[in-house]
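Chain by chain, the residues:
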Amino acid sequence: VQLQASGGGLVQAGGSLRLSCAASGPTFSSYGMGWFRQAPGKEREFVAAIRGSSGSTYYADSVKGRFTISRDNAKNTVYLQMNSLKPEDTAVYYCAASNSYAVYQSRYQYWGQGTQVTVSS
């Protein structure tokens, strides 16, 4: 599976962005998908995950109620809608694919290249 993330950019606090992650391969719907982020000087952290079949979702507490993960299996794409952005959301955002449904980075086998999100105050 190859993953290509896009949609990052510069936005003011309170604004919105939608990230996309396009996946290759015919079995996209079988993969759990996740978004992670890494801020400067910090470790990469979990943001959100979505199950392949049922579409059930899970979020980090820091983004719950502001971010929404979704997927379109027909387009082999997973999305992260980010609303009410805060300066502390500034990070490189990565999408990842897993053979299961998980929040731990070690459970993800495939990673995209990352897209920069910068939120100005």
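See above for the structure.
Source: prediction; values computed, not measured.

About the criteria used
Residues numbered from 1 in each chain as written. Predicted model: local features only at pLDDT ≥ 70, side-chain atom pairs only at ≥ 80, totals over all residues. Heavy atoms only, no water. Helix = DSSP H or I, 4+ residues; strand = E, 2+ residues; numbered from the N terminus. Rg over C-alpha atoms; globule rule 2.2 N^0.38 Å. Core = buried A, V, L, I, M, F, W, Y, C linked by side-chain atoms within 4.5 Å. Buried < 20%, exposed > 50% of the residue type's maximum accessible area, 1.4 Å probe, protein only. Contact = heavy atoms within 4.5 Å. Pairing = 2+ DSSP bridges. Axes fitted to C-alpha atoms, helices over the stretch in contact; angles between N-to-C directions.

Asker: Before we move on, can you summarise the overall build of the chain with the specific residues and values?
Answerer: Helices and strands together make up the secondary structure of the chain, namely zero helices and eleven strands. For the chain, the N- to C-terminal ordering of α and β elements is β-β-β-β-β-β-β-β-β-β-β. Since a compact globule built from 121 residues should have a radius of gyration of about 14 Å, the 13 Å found for the chain is in line with a globular shape. Principal-axis analysis of the C-alpha atoms places the extent of the chain at approximately 40 × 25 × 25 Å.

Asker: Can you lay out the nonpolar core for me, pointing to particular residues and giving the numbers?
Answerer: The biggest cluster of nonpolar side chains holds 36 residues, and the ones touching the most others in it are Met33, Trp35, Leu80, Met82 and Tyr93. Those elements that provide at least two residues to this core are β1 (3–6), β3 (17–23), β4 (32–38), β5 (45–50), β7 (67–72), β8 (77–82), β9 (91–98) and β11 (115–120). Excluding residues within four positions of it along the chain, Met82 makes contact with Gly15, Ser16, Leu17, Leu19, Arg66, Phe67, Tyr93 and Val117.

Asker: How would you sum up the sheet that holds β7? Please name residues and give values.
Answerer: As summarised here, the arrangement of the four strands in space is β1-β3-β8-β7, forming an open sheet in which the pairing is antiparallel. Here the strands that pair on one side only, and so sit at the sheet edges, are β1 and β7. Averaged over all adjacent pairs, the angle separating strand axes in this sheet is 15 degrees, with direction ignored. Where β7 meets β8, six bridges bridge the pair, whose relative direction is antiparallel. Bridge pairing in β8 places Phe67 opposite Met82.

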